[in-house]
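# What the coordinates show
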Amino acid sequence: MKRMILFLLVCFSGSLFGEFNFIFIGPPGSGKGTLSSAMVKTHGYEQICPGDILRKHIKQGTDLGKTIKPIVANGDYVDDEVVFRIIEEKITHCLDGQRPFIIDGFPRSVSGVEFLNEFFKNKAVGSEICCLHFVIDDKTCLDRICYRLVCFNCSCVFNKNTKKPKVDMVCDNCGHKLEARLGDSRENTLKRLAYYRKNIEPMVELIGKSFKVVSLDSDDSLENILKKHKNVFELNDSSVVEK
């Protein structure tokens, strides 16, 4: 399966992949991390995921990690100002190194959209930004998250029902221990999904006023999504790439 995904992504050379920097917007469990991780391997993207960065702070026991741990454990979102600083630092690093990037799971508020608009305007890169909107139902997201296992060493994701590791609780890719993410309970997931539908998904329309937006039906496996939406990633297809 992994080889098939990498093959399909390589086949998109000359399409949106490699031509744009991306914003990924979608509910938890919609496949944002899976696609971005694959693009890191095939097209050299830098994955900027505030959630992963914050979880790393928690795991390492930094001052920031200690502050935000109860917030994340409760299924709530960390203050925007904290995320803004992380995003600005990471994107600046990518631009300075001329490396393409994916912002995974941000923005999530009007102030976040305004932050990106101003930041990219100052950097003169707005025309090179494309937002991928992951469209999926809540039940599928819930099933994925409640049975999700993550390798915090290489970021590979498994599922107790649909994508079991070859050895129980051991990553197929690097051999490290698999764990459930902090806050991945059913109760917290329902809370986060409700918050997403009410507060974050409406941001897609606002983002579309400044950047290109592409919607993806992401309730299938990654390889099937890439096959199904191959036309989406062709730059000249104005019917699916909207401004």
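A quick note: this is a predicted structure, and the numbers were derived from the prediction, not measured.

This part is about the overall build of the protein. Looking only at helices and strands, the protein features 10 helices and 8 strands. When the 243 residues of the protein are sorted by exposure, 44% land in the buried category. If you take every contact in the protein between residues at least 6 apart in sequence, the share linking residues at least 24 apart comes to 73%. Carbon and sulfur atoms make up 50% of the accessible area of the protein, which totals about 12400 Å².

With that settled, consider helix 5 (residues 80–96). Under the 1.5 Å per step criterion, the end-to-end length of helix 5 is 24 Å for 17 residues, consistent within 8% with the ideal 24 Å. All of the buried residues along helix 5 are Asp80, Val82, Val83, Phe84, Ile86, Ile87, Ile91 and Cys94. In this fold, the buried residues of helix 5 make contact with strand 2 (46–48), helix 3 (50–60), helix 4 (63–73), strand 3 (101–104) and helix 6 (110–123). Capping of helix 5 at its N-terminal end is provided by aspartate 79; its side-chain oxygen lies 3.0 Å from the backbone amide nitrogen of glutamate 81. One or two steps after helix 5, the chain reaches glutamine 98, where phi turns positive at roughly 55°.

Ordered in space as 6-5-7, the 3 strands form an open sheet in which the pairing is antiparallel. Two strands in the sheet have a free side with no partner beyond their single neighbour: strand 6 (157–159) and strand 7 (178–179). Summarising the sheet, strand 5 (residues 148–151) and strand 7 pair through 2 bridges and their orientation is antiparallel. Considered in strand 7, the bridge of cysteine 151 is made with leucine 178.

Covalent bonding between the sulfur atoms of two cysteines defines a disulfide. In the structure shown here, the tally under the stated rule is 0 disulfides. Cysteine cysteine 156 is unpaired, with the sulfur of cysteine 154 as its nearest cysteine sulfur at 3.5 Å. In this structure cysteine 156 comes out as buried when scored by relative accessible area, which is 14%.

Here we take up the side chain of asparagine 188. Tracing the backbone through its elements, the reader meets asparagine 188 in helix 8 (residues 186–200). For asparagine 188, a relative accessible area of 8% corresponds to the buried category. A polar contact is formed between the side chain of asparagine 188 and the backbone oxygen of alanine 73, at a distance of 3.0 Å. Polar contacts involving the side chain of asparagine 188 include one to the main-chain carbonyl oxygen of glycine 183, which spans 3.4 Å. Discounting residues that sit within four places of it in the chain, asparagine 188 has contacts with Ala73, Asn74, Gly75 and Gly183.

To continue, consider the packing of aromatic side chains. The full count for this structure, using the stated rule, is 11 aromatic pairs. With 6.3 Å between their ring centres and 80° between their planes, phenylalanine 106 and phenylalanine 115 make a pair best called edge-to-face. Assigned by exposure class, phenylalanine 106 and phenylalanine 115 land together as buried. An aromatic cluster is present here, built from Phe84, Phe101, Phe106, Phe115, Phe119, Phe120 and Phe211 joined pairwise through their rings. It is lysine 163 that lies over the ring of phenylalanine 158; its NZ or CZ is 5.4 Å from the centre.

Procedures and definitions
Residues numbered from 1 in each chain as written. Predicted model: local features only at pLDDT ≥ 70, side-chain atom pairs only at ≥ 80, totals over all residues. Heavy atoms only, no water. Helix = DSSP H or I, 4+ residues; strand = E, 2+ residues; numbered from the N terminus. Buried < 20%, exposed > 50% of the residue type's maximum accessible area, 1.4 Å probe, protein only. Contact = heavy atoms within 4.5 Å. Areas by Shrake-Rupley, 256 points an atom, 1.4 Å probe, with all protein chains shown as cover. Expected span 1.5 Å × (residues − 1). Polar contact = N/O pair within 3.5 Å; in protein donor to acceptor, adjacent residues only side chain to side chain. Pairing = 2+ DSSP bridges. Disulfide = S-S within 2.5 Å. Phe/Tyr/Trp six-rings, centres within 6.5 Å; stacked < 30°, edge-to-face > 60°. Lys NZ or Arg CZ within 6 Å of the ring centre and 35° of its normal.

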